[in-house]
Amino acid sequence: MLANTIKASDVKKMFLAGASNLNAKKEWINELNVFPVPDGDTGTNMTMTIMSAAKDVKNLPEDVDMGSLCKSIYSGAMRGARGNSGVILSQLLRGFTKGVRDYDELDASIIANAFDKAVETAYKAVMKPKEGTILTVAKGAAEKAMELAKEGAEDLEPFFEEIIKYGDEVLNKTPEMLPVLKQAGVVDSGGQGLMQVLKGALDAYLGKKIDYTIDEAAATPVASKAQATAEVDIKFGYCTEFIVLLSKPLNVKQEIDFKAFLESIGDSIVMVADDEICKVHVHSNDPGLAIQRALMYGQLSNMKIDNMRMEHREKLFHETQNGVYAEIDTEINGAAESTPTYNRDDDIPLKDQTPVSEKKAEPEFVNSEHKDIGFVAVCAGDGLAEIFRGLGVDYVIEGGQTMNPSTEDILDAASRVNADTVFVLPNNKNIILAANQAKIMMEDKGDNKKIVVIPTKTVPQGITAAINFMPGTSVEENEEGMKEAISTVKTGEVTYAVRDTMIDDVTIKQGDYMGIGDNGILGVGSDIEDVTAMMIDKIVDDSTELISLFYGSDIKEEEAAALSDRISAKFSGCDVEVQYGGQPIYYYIVSAE
């Protein structure tokens, strides 16, 4: 096709097609992660990031202007960004939209400059950019776009095709830039995710048949298939979605109050607001309650209410012993579900079945007494959460290895802490960028509240940071002290391999237990205790005084005690502590200090 420009309506279709293509390929991209751990999640993080924007973009009118489209793309991606790959993708989208938002139509030159702006923005967001990653692939695509534009490219079809062709070439070279990729026999997973977005966009431009349906569930964590199919008792029967056309922007208190109200009448809450609209998703037994509350803030549009109990009965499947799913014949008689109805003066039963008249009002903050400094920490596991709370952490975000919280999750948590400064402990290297993005967004709010990110890469580092906090000392001194303290912590984690691979010249077979340290594989074998001991041997040195073992949900207390005795006998000069962490996926998390 011969075309020299594209309009906002074209960009909208191309963006949605790119998001859809990434969603379709996310599991394949997950499998490209170098470490064969069961939580390889690059594809998932990138998909959830872009789908956060796509949910908003799909509702824009066909005659949308470029400025409004760009706002929906970058604001949605920024709020929904998860993991390092997701944050970088959001920054690429942010930079690109900055480069095109002031134009009604885009030609090759404008697009090339926007690609360049995207790369510049993404590189600035990463403290120590590493080549051989999504950044390198993006830079290659931008350089090719600029080269073609300078050569006078006009027809966009060959322009886009050459960019994607060169992007694939750069992607295929990433194993030569990062030895760990070469040894594992994979290209960079983030770079592959970016290429799938670009390829989907090209398909839309070429007029190929595209399914523009946006899977909104892809933007939020969902249960596994086993959990979903086994779940029969649906507590809240109506899935309710709508958009509030705000009469004026919600302030922080209104956002917190609205979300607290939704949590009081149901679950599966998703609420995202900007200056003009507020998107709401809630499962409840009375959609009218959510709708009535929303009308306080503006007019409603795009309303959708589904009866999940009837849908579940119509679509229910069960798994037979040979793994085949067979449909259960269910009679749908059309009778109304036994869902309570309410009059204006009735007490409304909440999730814990406590009437409103007997339930305390949801506090605006998780800590009622104002203080100068508060804490937010991220971790997975009820035991670890209790450890952090015991150390004075005000708000624990459930997440970590198996689920990276979004920028919005971190921002919301910090907003709920009644303190002038909130220290955030990400406790995972894949969450630090999202935390830093939340810091920037908090500054943009302009309400004098401040986020300080302590770059803890592991749970033990987070615990050490919290222990070293000194009340009565300035924010700056505490920040410096905690950063210094975490630099002395060495961490190891034990999990299992989901595929065969080779890393650091170590052959790993599917099902092997692996001990992973701060800088790579520390042990591989078929026995959990032996692998853990092997890993500890490599992180303990002459300066080590304390070894801490946090055992996960799949380890029995007596098994952890036996391992502790073994470690104590070998390292008699060290104190050995054992604590229940309750974390999934990782059998043991170990620290040496």
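The structure this text deals with has already been given above.
I will try to describe carefully the structure that is included in this document.

Criteria and thresholds
- Residues numbered from 1 in each chain as written.
- Predicted model: local features only at pLDDT ≥ 70, side-chain atom pairs only at ≥ 80, totals over all residues.
- Heavy atoms only, no water.
- Pairing = 2+ DSSP bridges.
- Helix = DSSP H or I, 4+ residues; strand = E, 2+ residues; numbered from the N terminus.
- Axes fitted to C-alpha atoms, helices over the stretch in contact; angles between N-to-C directions.
- Contact = heavy atoms within 4.5 Å.
- Parallel < 35°, antiparallel > 145°, perpendicular 65-115°, else oblique.
- Left-handed = near helix turned anticlockwise from the far one by under 90°.
- Nonpolar A, V, L, I, M, F, W, Y, C, P; charged D, E, K, R; others polar.
- Phe/Tyr/Trp six-rings, centres within 6.5 Å; stacked < 30°, edge-to-face > 60°.
- Buried < 20%, exposed > 50% of the residue type's maximum accessible area, 1.4 Å probe, protein only.
- Core = buried A, V, L, I, M, F, W, Y, C linked by side-chain atoms within 4.5 Å.

### Regarding the sheet that holds strand 19 (residues 575–580)
Strands pair in a sheet through their backbones, by hydrogen bonds, and they do so in one of two ways: parallel or antiparallel. With mixed pairing, the six strands of this open sheet are ordered in space as 17-16-13-20-18-19. The open sheet is flanked by strand 17 (520–525) and strand 19, the only strands paired with a single partner. Ignoring which end each strand starts from, the neighbouring axes of this sheet average 20° apart. One ladder, built from five bridges, connects strand 16 (residues 513–517) with strand 17; its direction is antiparallel. From the neighbouring strand, M514 faces strand 17, where its bridge partner is V524. Where helix 17 (residues 459–467) meets the sheet, its contacts fall on strand 13 (490–496), strand 18 (546–551) and strand 20 (588–592), and the angle it forms with strand 20 comes to roughly 50°.

### Overview of the packing of helix 4 (residues 83–100) against helix 5 (residues 108–125)
Viewed as axis vectors pointing N to C, helix 4 and helix 5 meet at an angle of 140°, and their least axial separation amounts to 7 Å. Looking at the two axes, helix 4 sits oblique to helix 5. For helix 4 against helix 5, the interelement crossing comes out right-handed. Each of I88, Q91, L92, R94, G95, F96, K98, G99 and V100 in helix 4 lies in contact with helix 5, whose residues at this interface are I110, I111, A114, F115, K117, A118, V119, T121, A122 and A125. Of the residues in the contact of helix 4 with helix 5, the class split is twelve nonpolar, four polar and three charged.

### Brief notes about the packing of aromatic side chains
To describe a pair of aromatic rings, you give the distance between the ring centres and the angle between the ring planes. Inspection of every chain in the model, using the stated rule, returns ten aromatic pairs. Both rings, one in F375 and one in F423, keep their centres 5.4 Å apart while their planes meet at 35°; by these two values the pair is tilted. Here F375, found in strand 9 (residues 371–379), pairs with F423, found in strand 11 (residues 419–425); they are 48 residues apart in sequence, far enough to count as distant. The pair F375 / F423 is uniform in exposure class, with both members buried. Ring centres of Y496 and Y587 lie 6.4 Å apart, and the angle between their planes is 50°; on these two criteria the pair is classed as tilted. Here Y496 is found in strand 13, whereas its partner Y587 is found in the loop between strand 19 and strand 20, with 91 residues between them in sequence.

### Remarks on the nonpolar core
A general feature of soluble globular proteins is that nonpolar side chains tend to end up buried together. Ranked by size, the top nonpolar core spans 95 residues in total, and within it I6, F15, I50, F159 and F160 carry the most contacts. Setting aside its immediate chain neighbours within four residues, I6 contacts V11, M14, D104, E105, L106, I111, L156, F160 and Y205. A385, V396, I454 and A466 belong to the second largest nonpolar core, which has 25 residues in total.

### Here's the deal with the packing of helix 7 (residues 156–177) against helix 9 (residues 189–205)
Orientation of helix 7 relative to helix 9, taken along the N-to-C sense of each, is 160°, at an axis distance of 10 Å. When the axis of helix 7 is compared with that of helix 9, the two are roughly antiparallel. Judged by the sense of rotation from one axis to the other, the crossing of helix 7 with helix 9 is left-handed. Residues L156, E157, F160, E161, I164, G167, D168 and L171 of helix 7 lie in contact with helix 9, whose contacting residues are G191, Q192, M195, L198, K199, L202 and Y205. Partitioning the contact of helix 7 with helix 9 into residue classes produces eight nonpolar, three polar and four charged.

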